[in-house]
Amino acid sequence: MRTAVLHNFLIEATIMSSIAILLMMIIRKTLRRQLGNTAVCFGWLLVAVRLLLPVSFANPLIHSIRSPYAADSAIRPIAGQVLVRTKDMIKQAGDILWRAGNEAGSRMTDRLIDDIDFGNAGLNLMQIYLIGASLVLCWFIFSNLRFRRKLRTGHIEPVSGKLLQQYETVCRERGVKPVPVIFTDPLPSACLVGVIRPYIALPLTASPAEAIHVLTHEICHLKNRDHLWSLLRLLCCAVHWFNPLVWIAAAMSRTDTELRCDDRVVRPMDPEQRKAYANVLVLAASRRNAPGVSVLATGMTMTGKKLKTRVLTVLQEKKPVRWLTFMFCVLAAVCLICAFATSKLPEQIEGYDPWVPVYHHVTDDMKGSTALTDEAAAQQYACRLWQDVFNGGASTTEVSKVNNRYNVAGDDTASGTAWYMIISDSGIVVDCAALENTVQDAVMIDPSEFDAYEEEVDRAADYLRWAVEQLAPGISGKTTALTLESVIRNSDSLRINFTLMPRDEISDTVWITVKVLPDGTMSLVHFTAEGNG
């Protein structure tokens, strides 16, 4: 899977859902009484839908925010803006470090920008994300297995006798198909457990008067499908484990489903029955070991201000304002649709022009010797050139296609050297480089001293005549002879820079750099024929 696909989804979902979560925090605080708990839960459901569905609708207006500096057409406008703004911040940080004399920090920011440009950073981020999601998912599985094991150990017996008859009567009155009810000890509070085959675990210590209220509460959880809500919360937290707002929203939505359940419980009750039910809630407040967000089970325990709000909601019979609830649901649904409208129209995608010039005199007029039909072929071709021309080793790579060009980013598994190539569909390499760290102790050789390096320069020129023909077959017929531009010496190598000039155009100068080691070994480190178009 392209990392761009995952990045598009995560960035768009994070931005949109974070805004929605903040709005929901305000709405549930200020408009709960007017809207009702059911409407608040509906709002949380829409947030979960945006968090989990990797869907994008075409929006003709979204094209206006596309950054011209995000050259990969697979990156949608919102993710592209985030990418460009992130690079801007890194560049600013690098400038600050450079002015402060921190060369190591400045080089690190330069390398990070290179990693972003050529896909290595995206690949690393995807790996970190998948590791984090896997760890969170494993924790959820472990927590649920541990909780279920404790319940199985504490199982006493199914309810029977008069309590069973009362339970079945309540199920009929509430229109719910009965699920098994099992006495369990120890158990802090009753809970509806499981998703596929749910059952109710009831504390053995529950009094007969308390038990029927507790069972009614769990029946209403079943009626509201709150066991499915628990699963939805876990999925949101696992997919968006890095976003603290999602975890906060999961806890808040859990509270709101409890309040919604209370609404359903007390709806047919008279004032005296409401008071009795409120007393059960207060008694449950002392039991602080109810299942947490990571467990697929409901729980009646709630303390502090949450308990006070819950009891007042039970005792004060207030109906929501219907027209306001209707308007909220309609507006929320419209906002959800807009939150998915993040793609450009097909014609905007087809007409996409990356910021890199589309036409290059030297390379685009050439017909290469290798037709690349798909990304797999471009990947194989680039790896072969990396090994043959750059003298590199086996690499992990990532490929994308923009217009008629393949962008291949690689990472040499042996040396750790990152590299990239931009290749036309006819097999012409228009830009490539081995992304080495900044050369230490580099000294620019004065042109008057070039004669001292004549042997190295001649050998490098012979090597480059062969190398550039491998990268861009036929380029020698479009350009003049190699011209020596500069020689850079450092403690462990020479870097010799050449240019190739077009025979009938001056705008597409070809730049080439070769590294020469003390033992005479040579390798290409940079080649670009992009020019200015």
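Please refer to the structure higher up on the page.
Okay, so let's go over this structure. (Residues numbered from 1 in each chain as written. Predicted model: local features only at pLDDT ≥ 70, side-chain atom pairs only at ≥ 80, totals over all residues. Heavy atoms only, no water.)

### Structural notes on the overall build of the protein chain
- Across its full length, the protein chain carries 17 helices and 13 strands.
- Put simply, the protein chain has 533 residues, and 48% of those count as buried.
- Long-range contacts, defined as pairs at least 24 residues apart, comprise 66% of the intrachain contacts of the protein chain with a sequence gap of at least 6.
- Working note: accessible area of the protein chain is about 26800 Å², and carbon and sulfur atoms make up 60% of it. (Helix = DSSP H or I, 4+ residues; strand = E, 2+ residues; numbered from the N terminus. Buried < 20%, exposed > 50% of the residue type's maximum accessible area, 1.4 Å probe, protein only. Contact = heavy atoms within 4.5 Å. Areas by Shrake-Rupley, 256 points an atom, 1.4 Å probe, with all protein chains shown as cover.)

### Remarks on helix α5 (residues 103-117)
- Under the 1.5 Å per step criterion, the end-to-end length of α5 is 21 Å for 15 residues, consistent within 8% with the ideal 21 Å.
- Those residues of α5 that fall on the buried side of the exposure criterion are Gly105, Ser106, Thr109, Ile113, Asp115 and Ile116.
- Where α5 is buried, its residues touch α4 (77-99) and α6 (120-154). (Expected span 1.5 Å × (residues − 1).)

### Remarks on empty space enclosed by the protein
- Counting across every chain of the model gives 3 cavities of 30 Å³ or more.
- There is about 130 Å³ of room inside the largest cavity.
- If you go around the largest cavity, you meet 13 residues; those closest to its centre are Trp44, Ala48, Arg233, Cys236 and Ser253.
- Elements supplying a minimum of two residues to the lining of the largest cavity: α3 (37-52), α9 (226-239) and α10 (244-266).
- Its residues placed into classes, the lining of the largest cavity shows 11 nonpolar, 1 polar and 1 charged. (1 Å grid on protein atoms, 1.4 Å probe; cavity = no way out; pocket = protein on both sides within 12 Å on 5 of 7 lines; lining within 4 Å. Points joined across faces, edges and corners; volume = space filled by probe spheres on them. Nonpolar A, V, L, I, M, F, W, Y, C, P; charged D, E, K, R; others polar.)

### Focus: the pattern of salt bridges
- Per the stated rule, a full pass over the model turns up 6 salt bridges.
- Between Arg76 and Glu12 there is a salt bridge, with the nearest N and O atoms lying 2.8 Å from each other. Taken together, the residues Arg76 in the loop between α3 and α4 and Glu12 in helix α1 (residues 3-30) connect sequence positions 64 residues apart.
- For Arg76, a relative accessible area of 21% gives the class partly exposed. (Salt bridge = Lys/Arg side-chain N within 4 Å of Asp/Glu carboxyl O.)

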